[in-house]
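# Observations on the model geometry
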Amino acid sequence: MRGAGGGGLSGRLSSKPTQYLLDASNFARRFPGGSGFSPDLAEAEFLGWVEELAALPLLASSSFRVYFDGPFRELGFPVRGPVSVTFNEGRSADDSLLETGEFLLSCGVRAVLVTSDRGLQSAAGARGVSWLSCEDFYRLCSSELGRGRR
């Protein structure tokens, strides 16, 4: 994980309880497999992928907070815990992600902000919030999903 105090990536995700703060507007445009989610289905495909992660035994004690830019919109399907979705009308998702990351850090909760926005990564690191790029998170999660399918 990157962020305050540095530290390199381990080859796997941790089984420790973690709040993953996902910059979904940034993430959904980039994946999977480098080809991106289809424009019309990006949010649904992305959230479906996150729900697959939440079902992994390794991540059973973790939760996923998904932040989208823009106003509330119907997703067309229910989102189930441990996945939650926040729409950010009137402020940027970046502000919400940083605020949540700082709050969780102050409460002693293990949190990882997931974004490939270099400005957001820098701001998170300056505040002591751990972060992971979307690419690295996707790679680590894909590896765990592959293990789970065997």
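This is a predicted model, so every value here is computed, not measured.

Rules of the game
- Residues numbered from 1 in each chain as written.
- Predicted model: local features only at pLDDT ≥ 70, side-chain atom pairs only at ≥ 80, totals over all residues.
- Heavy atoms only, no water.
- Helix = DSSP H or I, 4+ residues; strand = E, 2+ residues; numbered from the N terminus.
- Expected span 1.5 Å × (residues − 1).
- Buried < 20%, exposed > 50% of the residue type's maximum accessible area, 1.4 Å probe, protein only.
- Contact = heavy atoms within 4.5 Å.
- Salt bridge = Lys/Arg side-chain N within 4 Å of Asp/Glu carboxyl O.
- Pairing = 2+ DSSP bridges.
- Right-handed = clockwise from strand over helix to strand, strands pointing away.

### Section: helix α3 (residues 93–106)
- An ideal rise of 1.5 Å per residue puts 20 Å on 14 residues; α3 measures up with 20 Å between its terminal C-alpha atoms.
- Taken as a whole, α3 has its buried residues at A93, S96, L97, L98, T100, G101 and L104.
- Contacts made by the buried residues of α3 are with β1 (19–23), β2 (63–69), β3 (83–88), β4 (111–114) and α4 (118–126).
- Count one or two residues on from α3 and you reach G108, which has phi positive near 75 degrees.

### Considering the pattern of salt bridges
- With the rule as written, the count across this model stands at three salt bridges.
- Measuring nitrogen to oxygen at the nearest pair gives 3.3 Å for the salt bridge that ties R91 to E99.
- The partner of R139 in a salt bridge is D136, and the shortest N-O contact between them spans 3.7 Å. Placement of the pair is R139 and D136 together in helix α5 (residues 134–149), with a separation of three residues, close to one helical turn.
- Residue classification places R139 among the partly exposed residues on the basis of a relative accessible area of 44%.

### A closer look at the pairing of β4
- Residues A111 and L113 line one face of β4 and the alternating positions V112 and V114 line the opposite face, and both faces are buried.
- Taken together, the four bridges between β1 and β4 define a ladder with parallel strand orientation. Considered in β4, the bridge of Y20 is made with V112.
- By the bridge criterion, three bridges tie β4 to strand β5 (residues 130–132) in an arrangement that is parallel. Paired with L113 across the bridge in β5 is W131.
- Note that the unit made of β4, α4 and β5 has a crossover that is right-handed.

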